[in-house]
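# Fold and geometry: a report
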Amino acid sequence: MAKLISDLRPVYVVGIGFHPYQRSSETSYVQLGLTAVREALADAGVSWEDVESSYVAHALLGMAAGRPMLRHLGDSGRPIVHIENASASGSAAVRHACMEVASGISDVVLAVGVDKRERPEVYRASTGLPDLAEDSILPFTHFALLTDEYVHKYGVTPEDMALVAVKNHANGAKNINAQRQKVRTIEEVMSRPISGSITALQCTPIGEGGAAVILASEEGIKRLGLDMGRAVRIASSAAGSERAGNNLNPDTALTADIMRLAIAQAQIAATDLEILEVHDAFSVEELLYAEAIGICKPGHYVPMLKEGAWNIGGHCAVSPSGGLLAMGHPVGPTGIGQVGEITRQLRGEAGARQHKNAKTGLAHMVGVGAVCYAHVLMK
Amino acid sequence: MTEEALALFQSEGTDQLPDNPALIGGGCDDCGYVFFPMQRYGCEKCGSTALRVKKLTGRGTLIASAFVHMPVGTPHEGPFWVGSIQTDDGAILRSILQVSEGAVLKPGTPMITKLVPETRPNHGAQDLRFMPAAD
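Notes on the structure follow.

What counts and what doesn't
Residues numbered from 1 in each chain as written. Chains lettered and ligands numbered in written order. Predicted model: local features only at pLDDT ≥ 70, side-chain atom pairs only at ≥ 80, totals over all residues. Heavy atoms only, no water. 1 Å grid on protein atoms, 1.4 Å probe; cavity = no way out; pocket = protein on both sides within 12 Å on 5 of 7 lines; lining within 4 Å. Points joined across faces, edges and corners; volume = space filled by probe spheres on them. Helix = DSSP H or I, 4+ residues; strand = E, 2+ residues; numbered from the N terminus. Polar contact = N/O pair within 3.5 Å; in protein donor to acceptor, adjacent residues only side chain to side chain. Contact = heavy atoms within 4.5 Å. Pairing = 2+ DSSP bridges. Axes fitted to C-alpha atoms, helices over the stretch in contact; angles between N-to-C directions. Phe/Tyr/Trp six-rings, centres within 6.5 Å; stacked < 30°, edge-to-face > 60°. Expected span 1.5 Å × (residues − 1). Buried < 20%, exposed > 50% of the residue type's maximum accessible area, 1.4 Å probe, protein only. Core = buried A, V, L, I, M, F, W, Y, C linked by side-chain atoms within 4.5 Å. Domains from an automatic or database assignment. Parallel < 35°, antiparallel > 145°, perpendicular 65-115°, else oblique. Left-handed = near helix turned anticlockwise from the far one by under 90°. Nonpolar A, V, L, I, M, F, W, Y, C, P; charged D, E, K, R; others polar. Buried area = accessible area lost by both parts, 1.4 Å probe. Salt bridge = Lys/Arg side-chain N within 4 Å of Asp/Glu carboxyl O.

All names here are of chain A. Taken as a whole, the second largest pocket encloses approximately 310 Å³ of empty space. Taken together, 13 residues make up the lining of the second largest pocket; nearest its centre are Lys153, Tyr154, Asn249, Thr252 and Leu288. Only helix 4 (139-154), helix 8 (250-265) and helix 9 (283-293) provide two or more residues apiece to the lining of the second largest pocket.

Our next topic: the side chain of Asn20(B). All names here are of chain B. As for its placement among the helices and strands, Asn20 is situated in the loop between strand 1 (9-10) and strand 2 (22-28). Within the local environment of Asn20, its side chain forms a polar contact with the backbone oxygen of Thr113, the two atoms lying 2.9 Å apart. If sequence neighbours within four positions are ignored, Asn20 has contacts with Ser11, Glu12, Gly13, Thr14, Gly58, Ile112 and Thr113.

Time to look at the sheet that holds strand 1 (residues 11-22) of chain A. Note: strands within a sheet are paired through backbone hydrogen bonds, in either parallel or antiparallel orientation. All names here are of chain A. With mixed pairing, the 10 strands of this open sheet are ordered in space as 3-2-4-7-1-8-12-11-9-10. Lying at the two open borders of the sheet, with one neighbouring strand each, are strand 3 (80-83) and strand 10 (317-318). Pairing of strand 9 (residues 275-277) with strand 10, which is carried by two bridges, proceeds in the parallel orientation. If you follow Ile275 over to strand 10, its bridge partner there is Ala317. The strands touched by helix 8 within the sheet are strand 8 (232-241), strand 11 (360-367) and strand 12 (371-378), with strand 8 carrying the most contacts at an inclination of about 145°.

Time to look at the packing of aromatic side chains. Across all of its chains, the model carries six aromatic pairs over all chains by this definition. Residues Tyr301(A) and Trp310(A) carry aromatic rings whose centres are separated by 4.9 Å and whose planes lie at 5° to one another, so their mutual orientation is stacked.

Residues and elements named next belong to chain A. The end-to-end C-alpha distance of helix 4, which contains 16 residues, comes to 22 Å, matching closely the 22 Å that a straight helix rising 1.5 Å per residue would cover. All of the buried residues along helix 4 are Phe140, Thr141, His142, Phe143, Ala144, Leu145, Leu146, Thr147, Asp148, Tyr150 and Val151. Within two residues after helix 4, Gly155 carries a phi angle of roughly 65°, on the positive side.

What follows covers the nonpolar core. Residue and element names in this part refer to chain A. Core analysis: the largest hydrophobic core is formed by 106 residues, its most contacted members being Leu276, Ile293 and Tyr301. Mapping this core onto the domain boundaries places at least three of its residues in each of domain 1 (5-120 + 206-232) and domain 2 (139-204 + 234-378). Of all hydrophobic cores here, the second largest spans 30 residues; its members include Val56, Leu73, Val114 and Ile221.

Moving on: the packing of helix 4 of chain A against helix 9 of chain A. Residues and elements named next belong to chain A. Direction vectors running N to C along helix 4 and helix 9 enclose 60°, while the axes themselves pass 10 Å from each other. When the interaxial angle is binned, helix 4 and helix 9 end up oblique. Note on packing geometry: the crossing formed by helix 4 with helix 9 is left-handed. Across the interface between the two elements, Phe143, Leu146, Thr147 and Tyr150 of helix 4 pack against Val284, Glu285, Leu287, Leu288, Tyr289 and Glu291 of helix 9. Here the residues of the contact of helix 4 with helix 9 sort into seven nonpolar, one polar and two charged.

Next up on the list: the pairing of strand 7 (residues 208-217) of chain A. Residues and elements named next belong to chain A. The element strand 7 is largely enclosed, with a buried count of 10 among its 10 residues. Taking every second residue as pointing to the same face, both faces of strand 7 are buried, with Glu208, Gly210, Ala212, Ile214 and Ala216 on one and Gly209, Ala211, Val213, Leu215 and Ser217 on the other. In this structure, strand 4 (residues 108-115) lies alongside strand 7, joined through eight bridges in antiparallel fashion. Within strand 7, the position partnered with Gly113 by the bridge is Ala211.

For the rest of this paragraph, the subject is the interface of chain B and chain A. Listed as interface residues are 42 residues of chain B and, on the opposing side, 28 residues of chain A. A buried area of about 2,900 Å², summed over both sides, lies between chain B and chain A, and 61% of it is on carbon and sulfur atoms. Where chain B meets chain A, there are zero salt bridges. Our count for the contact surface shared by chain B and chain A stands at nine residue pairs in polar contact (both at pLDDT 80 or more). The set of elements that each furnish at least two residues to the side of chain B that touches chain A consists of strand 5 (59-68), strand 6 (80-87) and strand 7 (92-97) of chain B. Here the side of chain B that touches chain A gets six residues from one element, more than from any other, and that element is strand 5 of chain B.

Here it is as structure tokens:
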């Protein structure tokens, strides 16, 4: 019979590291990734020799970028797997690293995401199928259409939707690893329209950066003498892909399905979540996914946002890192960075953006395709 | 016009709506799934390769719309409208819209197809738009 992650031996996040997310620069991807890995190794208190396997997530670097980066950590000869899964590449790397530890194949595994955009367009091979407007509906317009649908369905305003970005920019302003670190007013967020009511500050900035986590089993933690008090358990891991159907919003339908799996595996209720990092590349996504997760009823996210329910210190801190809107979305690192942020929060080490006494968090990413990943972390 | 563009629509309408261009969708003989555009790779629902052309009526209902202020990354030189539409046959698709200046589009607005002179490179002499039926 098929097993769930929660049926296998426990897996813990024991180290996290970042290279700050930033605009395109002259810094090589090798330096971006190594900075994150070295910080994660130091945070865990393990050496490179202790790492038995590595999963390297990237979507914009071409073929097999991992070995030219990781070789600078020393000669290990250990396995490297490259993972490309669009925006969810990093989340997929976490899942497969988790599976390797949970299965007992390895005790200590690295998941690292690194990316930088060296050309403006992203190459995707043609499927050979035509479409009426594929060259005219870019992601920001796809989400402008979903915003229009939501606004009419629930009787909220574009300004209400923009409050998501105001919240996340305020969180990003407290995060030294965020690409955008500036508090923004509603007037600033509503300026510079891009498509429909989506504005520039309601779109994620695609930049560059690195994020890494070290995962370990209890045996690995004991053998290496690591600090169990700072270890955060990955209580569940769920993944899926879009189902057939004429659905204009497959990401949300898929999110609802995957969240049910992740939350059931972790044996919690959605309303138990205290930290939520979602794929908020556009402001409307945060409320669509948060409602799909079940932290509130459909249509209730905006009124509760206005009451402060989703602020740090509120009912559930949503995107305390700043989310994709402010922390940024360098693609390969993003899902791993979410796990890093939740680990920091559950350890109580998040400083000015600490959500007090947080014990349970969920990381969620979708990727073009569509694919979806969710991980519940618990302390 | 490329083969791909030819496969999307035809100037003739369906029996139900003869005066408006039909969309060239498909149907699965095994499970009945209706899709757009037509393809022969296999049914997304059941995997069958028993697929046939099904012409979809050029009439539907607007689900959502957006005015694209910045056409960056698109073949358009200026702002344009796009919309999500559910056709009377049940297919859901997205299209560039042709609407009057100053128009306010609301969900539920009846929409119909119309052919316009090509406005995008490599889409042939004509391209398809949806427009409010009342215009």
